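Per-entry structural report
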Amino acid sequence: MTPPSAPQAEPDELTLAGEFAEAAREQWQELVAGVLRKSNAVPEGFDESVESLLSTRTYDGVTLAPLYTAEDTAPPAGFPGLPPFTRGGRPEGNVAGGWDVRQRHADPDPAATAKAVLSDLENGVTSLWLVLGGSGLPIASLGDVLSEVYLDLAPVTLEAGADFRAAAGELLRVHTDKGIPASEVKGNLGADPIGLHARTGSGADLLGDAAALAADTARHPLLRAITVDGTPYHRAGGSDAEELGAALASGVAYLRALTEAGLDVDTAAARLEFRYAATADQFLTIAKLRAARRLWARVAEVSGISAGAAAQRQHAVGSPAMQTRRDPWVNMLRSTLACFGAGVGGADAVTVLPFDAALGLPDAFARRIARNTQSVLLEESKLAGVIDPAGGSWYVERLSDELARAAWSWFTEIERAGGIVAALDSGLVGDRLAATWAARSANLATRADAITGVSEFPNLAEKAVVRTPEPVEPGGGLPAVRYAEAYEELRDRSDRVLAETGARPRVFLATLGPVAAHNARAGFAANLFQAGGVETVTGGVISDAETAAARFAESGATIACLCGSDRSYTELAGPVIEALRGDATRLLLAGKPSDEHLRSGVDDFVFTGCDALTVLRTTLETLGVPA
């Protein structure tokens, strides 16, 4: 009988995949190069690393590599709740109760807002964000709006523009009337004259008033007085590092003002709450929030703020710039990714914008979906159940570090220019953001930055979603852009033609050869034209010039786009172009530009990477569609 083998000792450290031979980076590179060569993705004579073909660059110049290993080092991230706070501002993170689910309300009708507020609070929302003064709620109505709200359980954040002192006084009066002691008053009074200055070009003169408000309310230890808002820089088309650097410079300006008003640095820091945009790029959102805490920790260190007061409190709000008016249902998916990134990134409070926010005042269904998005991620996905789940990822750690460095460089440039207000007034900030917006616009035009439901996979038959317009925000400062606006303007032009004539602008797709030969390019062309509201009429299987001419005439179109394989172009493009040239006001071809086809009479080409917006605008102009 064979004696049982002696039990093996447990290893001191578990080595994952330890039974496999160690793989070298060079092996991976060789395998990837082989795949790329087979797919003809390696240009002839290319002598750089194949990784460069798979890498992308952010608008901050950060290279996103296809592979990260332990060799991609970053500074130690530390521990949650301890400087530099990269891994979170509190040791326990959001594990105990999740993050603060904050809903925004901007309806100027007090009765409607009061009803919406109660519905939100009864169904998962834990704090309120109220827009007051100017085009928002009347400040005097605040008591009525909050009459049935338990403010000790549901804190309120205000946004009142230049009226922040009056709004703060009214909110504190409501707390007093409800018998809530100063030691238990929570929320944020929302004074933000620098953010107001960024949006409107005026308001910086109220910085002293904001500091005085913070000093006057310092006896409320749980109440924030100042919002350090980074979203105006994001909404102007800026990059993540530009938003971070501008927000950091704003935070420093507030810190100076509050200490000059008599507050010690710890108390001053505790009066601030930072607001950032969360986008559908989940990893950049995660890295941005982690980098923001690290950056503020450095400011706290040099300012003498104690470790107990140095953690940055963060409010992440879904990006208004990424919201679309066309196919707004897709905004639900964008917002889910943004919320995921904000939660994983460690935000203390999160606002998911309703999917119809770009159209006007959200309805009850949209607010319900917005709050339930957070409830699903918190209650069902248990997203807050792990502290900094992205921590230790070579990719996330490296990205957080590079983003922090880019933001710090921008912050120091702003400081050298005299601070954020001076940099806004001189045009330094505006010019920098405009350059980034121009680069982003170029990528949107070529659809390198795709917008699902708008620039990609549009639905011309979609029923328009109509909402009551939200009161217009005051302008005059940095612009507020949306990524989809150029395509949506073209769709609006098409809609007007449809309403006036009963038909949309149209282009005939001369589909050459059998379906297998023309289907790919015809689908590409149809997708492109429909992104601008141009209906496409497919010619079916076209095997000769006579058929092409007959079906073009039947289509009622005056512009034609040839779609086929390279082989079908060689056999049919010349005769078809000749047959259509007399009747077509413009001829296009789906494929890379070719001197041969230009000589044959083609006016333009549509292909992956072409300037789709220019093609669409030219098409509408040729068809006589008014701007």
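Residues numbered from 1 in each chain as written. Predicted model: local features only at pLDDT ≥ 70, side-chain atom pairs only at ≥ 80, totals over all residues. Heavy atoms only, no water.

As named in an unreviewed UniProt entry, the protein is Methylmalonyl-CoA mutase, taken from Actinokineospora spheciospongiae. Check the Subunit (unreviewed entry) section of the UniProt entry for the protein; it says "Heterodimer of an alpha and a beta chain." (UniProt positions renumbered as here; feature names shortened; annotations may be inferred.)

Once that is clear, we can look at the domain arrangement of the protein. Once the domains are mapped, the protein shows domain 1 (100-417) and domain 2 (487-623). Centre-to-centre separation of domain 1 and domain 2, based on C-alpha positions: 48 Å. (Domains from an automatic or database assignment.)

Turning our attention to the pairing of strand β4 (residues 127-131). Regular strands place side chains that alternate from one sheet face to the opposite one. Most of β4 sits inside the fold, with 5 of its 5 residues counted as buried. Neither face of β4 is open: one carries Ser127, Trp129 and Val131, the other Leu128 and Leu130, and all of them are buried. One ladder, built from 4 bridges, connects strand β3 (residues 100-105) with β4; its direction is parallel. Bridge pairing links Arg104 to Trp129 in β4. The sheet contact formed by β4 and strand β5 (residues 156-159) spans 4 bridges and is parallel. Bridged to Trp129 within β5 is Thr157. (Buried < 20%, exposed > 50% of the residue type's maximum accessible area, 1.4 Å probe, protein only. Helix = DSSP H or I, 4+ residues; strand = E, 2+ residues; numbered from the N terminus. Pairing = 2+ DSSP bridges.)

With respect to the helices and strands, the residue Gly624 is situated in the segment after α22 (612-622). In this structure Gly624 comes out as exposed when scored by relative accessible area, which is 57%. Between the C-alpha atoms of Gly624 and Asp240, which are 384 residues apart in sequence, the distance is 40 Å.

Okay, the packing of helix α11 (residues 282-303) against helix α14 (residues 394-416) next. Their axes nearest at 8 Å, the elements α11 and α14 cross at an angle of 55°. The pairing of α11 with α14 is recorded here as oblique in orientation. Classified by chirality, the crossing of α14 by α11 is right-handed. Packed against α11, whose contacting residues are Phe283, Leu284, Ile286, Ala287, Lys288, Arg290, Ala291, Arg294, Leu295, Arg298 and Val299, the element α14 presents Tyr395, Val396, Glu397, Leu399, Ser400, Asp401, Leu403, Ala404, Arg405, Ala407 and Trp408 at the interface. (Axes fitted to C-alpha atoms, helices over the stretch in contact; angles between N-to-C directions. Parallel < 35°, antiparallel > 145°, perpendicular 65-115°, else oblique. Left-handed = near helix turned anticlockwise from the far one by under 90°. Contact = heavy atoms within 4.5 Å.)

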